[in-house]
Amino acid sequence: MEALVILVPLALALGFVGLLGFLWSLKSGQYDDLDGAAWRAIADDEPVSDYGRSK
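Cut-offs applied
Residues numbered from 1 in each chain as written. Predicted model: local features only at pLDDT ≥ 70, side-chain atom pairs only at ≥ 80, totals over all residues. Heavy atoms only, no water. Helix = DSSP H or I, 4+ residues; strand = E, 2+ residues; numbered from the N terminus. Buried < 20%, exposed > 50% of the residue type's maximum accessible area, 1.4 Å probe, protein only. Areas by Shrake-Rupley, 256 points an atom, 1.4 Å probe, with all protein chains shown as cover. Phe/Tyr/Trp six-rings, centres within 6.5 Å; stacked < 30°, edge-to-face > 60°. UniProt positions renumbered as here; feature names shortened; annotations may be inferred. Contact = heavy atoms within 4.5 Å. Patch = residues over 30% accessible without salt bridge, like charges linked within 9 Å, V, L, I, M, F, W, Y side chains within 5 Å. Salt bridge = Lys/Arg side-chain N within 4 Å of Asp/Glu carboxyl O.

The chain has the name Cytochrome C oxidase Cbb3 in an unreviewed UniProt entry, where Bradyrhizobium macuxiense is given as its organism.

Next comes the structure, spelled out in structure tokens:
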């Protein structure tokens with residue numbers, strides 16, 4: 001039972017830190033462009049080279 005005296009406030013403090021981090025990420029605009037990163041990941045911006053192709 002003595003461990004709960006330490007663990008419960010520690011869990012509450014860590015939850016509060018996580019909530020603050022999430023609210024900070026909302027305020028700084030981390031979730032503004034959700035589709036942009038997905039399209040950049042599949043976009044083919046680099047030209048295809050002939051290196052390694054058989055002719």
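From this point on, the discussion continues.
## As for the overall build of the chain
When helices and strands are tallied, the chain shows two helices and zero strands. Classification of the 55 residues of the chain by burial places 4% in the buried group. About 5500 Å² of surface is accessible on the chain, with carbon and sulfur atoms providing 65% of the total.

## Here we look at the packing of aromatic side chains
Scanning the entire structure with this criterion turns up one aromatic pair. Look at Phe22 and Tyr31: their rings are 6.1 Å apart centre to centre, the planes differ by 50°, and that puts the pair in the tilted class.

## Notes on the UniProt feature "transmembrane region" (unreviewed entry) in the chain
UniProt records the feature "transmembrane region" (unreviewed entry) for residues 6-26 in the present numbering. Note that residues 6-26 is 100% helix and 0% strand, and that its end C-alpha atoms are spaced 31 Å apart.

## A few points about the environment of Ser25
Among the secondary structure elements, Ser25 is positioned in helix α1 (residues 2-27). Discounting chain neighbours no more than four positions away, the residues touching Ser25 are Gln30 and Tyr31.

## Looking at a nonpolar patch on the surface
Among the surface-exposed residues, Phe16, Leu19, Leu20, Phe22, Leu23, Leu26, Tyr31 and Leu34 lie close enough to one another that they form a single nonpolar patch of about 800 Å² accessible area. When residues in the nonpolar patch are grouped by element, the largest group, six residues, is from α1. Residue position: Leu34 is located in helix α2 (residues 34-42). For Leu34, a relative accessible area of 60% translates into the label exposed.

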